[in-house]
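# Structural features, examined
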Amino acid sequence: MFKSLRVRASQGSQFIVDLRKAVPNGHRGLPTISTAPCPEGCHACVDACPTEAIAIEPVRLDLGKCVFCSECVHECPEGKFAFTSNPHLSARTREGLIVTEGPEGGPDPIATDAALKKLYGRSLRMRQVSAGGCNGCELELNAALNVNFDLARYGIEWVASPRHADALVLSGPLTRNMAEAVRLAWDAMPDPRFVIAAGACAISGGLYAQAEALDRGFLRDVGPVVYVAGCPPHPLGFVNAILQLLGIAPSAG
Amino acid sequence: MSALAGACSVTLDARVASAIVPLDVRAWRADLLARLASGARIVTLYGRPAPSAHAGAAAVMVTAVVQLTDGRLEVTRAVMDAARGYHAMTADVTALHCFERELHEQHGVRVAGHPWLKPIRFEAGGRAARDAYPFYAIEGKEVHEVAVGPIHAGVIEPGAFRFMCLGEIVHHLEIHLGYQHRGVEPLLLRRDARKLAPLVETIAGDSSIAHTWAYCAAIEALTAGDERAPVGPEIEAARGVMLELERIAMHLAGLSGLAADVGFLQGASSYGRLRTTAINTSMRLCGSRFGRGALRPGGSGVRLDAEAGAGFSRAELRQNLALLVNDLAIIDDCFLSARTVQHRLKGAGRLTTAQATELGLVGPAARASGLTHDQRAFGAGVYAEHPVTVVSEPSGDCWARARMRIVEIGRSLAWIAGVLDGDPVWTPRRASTAAPLELVADRLVVSVVEGWRGEAVHCLETDAAGALLHYKVQDPSLRNWLGLAIAVRENEISDFPICNKSFDLSYCGNDL
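Parameters at a glance
Residues numbered from 1 in each chain as written. Chains lettered and ligands numbered in written order. Predicted model: local features only at pLDDT ≥ 70, side-chain atom pairs only at ≥ 80, totals over all residues. Heavy atoms only, no water. Domains from an automatic or database assignment. Buried area = accessible area lost by both parts, 1.4 Å probe. Salt bridge = Lys/Arg side-chain N within 4 Å of Asp/Glu carboxyl O. Pairing = 2+ DSSP bridges. Helix = DSSP H or I, 4+ residues; strand = E, 2+ residues; numbered from the N terminus. Axes fitted to C-alpha atoms, helices over the stretch in contact; angles between N-to-C directions. Contact = heavy atoms within 4.5 Å. Polar contact = N/O pair within 3.5 Å; in protein donor to acceptor, adjacent residues only side chain to side chain. Nonpolar A, V, L, I, M, F, W, Y, C, P; charged D, E, K, R; others polar. 1 Å grid on protein atoms, 1.4 Å probe; cavity = no way out; pocket = protein on both sides within 12 Å on 5 of 7 lines; lining within 4 Å. Points joined across faces, edges and corners; volume = space filled by probe spheres on them.

What follows covers the domain arrangement of chain A. Bring the parts together and some accessible area is lost; that lost area is often taken as the interface size. Residue and element names in this part refer to chain A. Domain parsing of chain A yields domain 1 (31-100) and domain 2 (114-245). Computed over C-alpha atoms only, the centres of domain 1 and domain 2 are separated by 25 Å. Taking both partners together, domain 1 and domain 2 bury about 1400 Å²; carbon and sulfur atoms supply 62% of that area. Our count for the domain 1 to domain 2 interface comes out at zero salt bridges.

This part is about the sheet that holds strand S14 (residues 468-474) of chain B. All names here are of chain B. The antiparallel open sheet is built from four strands, whose spatial order is S1-S12-S13-S14. The strands lining the two open edges of the sheet, one partner per strand, are strand S1 (11-16) and S14. Adjacent strand axes in the sheet meet at a mean angle of 10°, parallel and antiparallel pairs treated alike. Bridge count between strand S12 (residues 443-451) and strand S13 (residues 454-462): eight bridges; the pairing is antiparallel. Residue pairing in the sheet places Val 445 in a bridge with Leu 460 of S13.

Chain A puts 62 residues into the contact, and the matching count from chain B is 59 residues. Summed over both sides, the interface between chain A and chain B buries roughly 5000 Å², with carbon and sulfur atoms accounting for 51% of that surface. Per-residue buried area on chain A facing chain B is highest for A:Cys134, A:Asn177 and A:Tyr208; these three make up 14% of the total on that side. Applying the counting criterion to the chain A and chain B interface returns five salt bridges. The salt bridge partner of A:Glu71 is B:Arg430, with a shortest N-O separation of 3.0 Å. Counting across the chain A and chain B interface gives 31 residue pairs in polar contact (both at pLDDT 80 or more). Mapped by element, the contributors of at least two residues to the side of chain A that touches chain B are helix H1 (2-11), helix H2 (44-48), helix H3 (71-75), strand S7 (124-130), helix H5 (136-143) and helix H6 (179-188) of chain A. Broken down by class, the residue content of the side of chain A that touches chain B amounts to 28 nonpolar, 22 polar and 12 charged.

Tracing the backbone through its elements, the reader meets A:Ala179 in helix H6. A:Ala179 sits 115 residues away from A:Gly64 along the chain, and the two C-alpha atoms are 21 Å apart.

Here the focus is the layout of surface pockets. In this model, the largest pocket occupies a volume close to 1300 Å³. In terms of lining, the largest pocket is formed by 40 residues, of which the most central are A:Asn142, B:Val155, B:Ile156, B:Gly257 and B:Lys501. Mapped by element, the contributors of at least two residues to the lining of the largest pocket are H5 of chain A together with strand S8 (160-166), helix H7 (233-261), helix H8 (265-286) and helix H16 (496-503) of chain B. Partitioning the lining of the largest pocket into residue classes produces 23 nonpolar, 10 polar and seven charged.

Residues and elements named next belong to chain B. All chains considered together, the criterion is met by 48 salt bridges over all chains. Among the ionic pairs, Arg 35 bridges to Glu 74, the shortest N-O distance being 2.5 Å. Separated by 39 residues along the polypeptide, Arg 35 in helix H1 (residues 25-37) and Glu 74 in strand S4 (residues 73-81) bring together distant segments of the chain. A salt bridge links Asp 504 to Lys 501; the nearest nitrogen and oxygen atoms lie 3.6 Å apart. When salt bridges with common partners are traced through the structure, they connect Glu 244, Arg 247, Arg 367, Asp 374, Arg 376, Glu 408 and Glu 450 into a single cluster.

And the structure:
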């Protein structure tokens, strides 16, 4: 008992009070692209990118493919790219994840979905399925429920059975060997239900987009309601995407 | 031909590939068995396609790497006709089972008389290969089977487990993996060798530093030629600190999971919160909680400042370490003295030293069963300057594997503090990936890094023109999964979660 109290005293209170405003100091999050003109014929950023996330003329970056390696920062002769610590990297649509030049070039803000808010605004149960995830996304998704981020305070929790789940949170590039299991999990979920794609692999295949051992058919059949970018996404990115989607916290500003 | 490697913090061996004369298949088999019988330890055994002498016949170059007790690596090779193959060695040396299974699955090599040619990742044969395989079964009126997976109850990676039980007691556990197979190895060959770091970082995303260090050390050996130019003590020290932070963070994740699995929730949340401190320290050093971007061939993405400012200062790093040391002592004392923890972990999932040796276990799982191999003990460079005392526990149960983590976290914290005593300042430095990279032709490089889970092994070979001919990746999990299967025998099925968590193996690292 005494030892337990000592632990309690040493641990203190760890939860982040305002998840919306929290910024992870030092985190390589949302990239920005300056409006500086590109040198004639330069495609250094395109060549450096390991996931073909960057297109030029004008320069734009797909957060759904980006793995935040920052090779573009190092290779761009004009210093157009910079990574900020902003962890909010989610959008409702695939196109909404495109970052364009300029200070307002970030992803489309997530609008609250009135229907989803009505259904899940006070309680959401999620089943996570990793289909080729490297354990990066899985660890960060687990962390969303730890003592720091404590998503459970909003009635949002992981469940063990798809039977109990409202949302299927997918990570990994969807391997061929997991294709059947992913569909079985989805089929076991009662309506209404929706899919969240977490991480570059789930969203676009990420670093594995060119691999033969994938079967991404499920995501073509069942489109995600929200895309949470990152490699892996910071828990704050995942947590805030859900809070905004369900209108649980008022949107910033 | 002796190795060409110079001083390096990781176990490294670089040789002229063509100077390793492939033996006749029978001679190779006898040679390897003799080496293993005389005290060498198998590090890896793998195949790659070789030019065939006969049209229509598939030839495979098989490479075996062994480690002598002083840490030196030795290589022995044979070229064989895949269809003719050779006689399995697994019956003589159990530790070879996974390599021979992989050789069979990846290259179609006939491994005659192998007791257990079970699919590893059900590669070319796909699901049909898995479905056709006669998995181990126990017959008997009272025996029942429990199938779990591939999707598990928690937020973790997938894999399938089938328990053969009599009542509550597990007689055998059949583990079949492969669900995470993404096809890493072909992708490594398809891209420019100097641009592979982001991909290598995701081979096992919880062991990014271990795998990326093995990759970087190999590429550095392949670009420097015979006189290997190490990247310099500053970068080596930063790599060492990142590797030890990864070890601390993942050991804390393991302890948190173990505490949760025995229902000791104060331990689960406390260790989880301290893991946050460890990974946030990595984030301050390199921008990623998982060490992504920290290591690059010939360079580093780690920043540590002398003074507080925009970046991360030595004082802040020391402060984080002090917090970990202080709070860990309190929670460790509470965790280890809790009767519920002792009752659940002691005696569960025991593997004897003889079993661990026979199965060829690596990493902390091996050391918790009394073995003492740890690649950091052989390193030159930063691990010679700051030696790591290898720790081992004799009892081989879940308790030993939990204690192993606690002790290793303490050693790693002390190790980092030792490096910081030199008042280092680290500046990110990267070689441009735009300039064409020339790899030394005709080389075979083996690099081995002791990650938190055990040894990550990367074998890279260049051809006569300096192009990358083969890239073999091996996560420590490949060797340890069978250890888990054997450890749960004669245990209650309800103890499986703690046995599994005490090994904490990678699914994607195994499945590649």
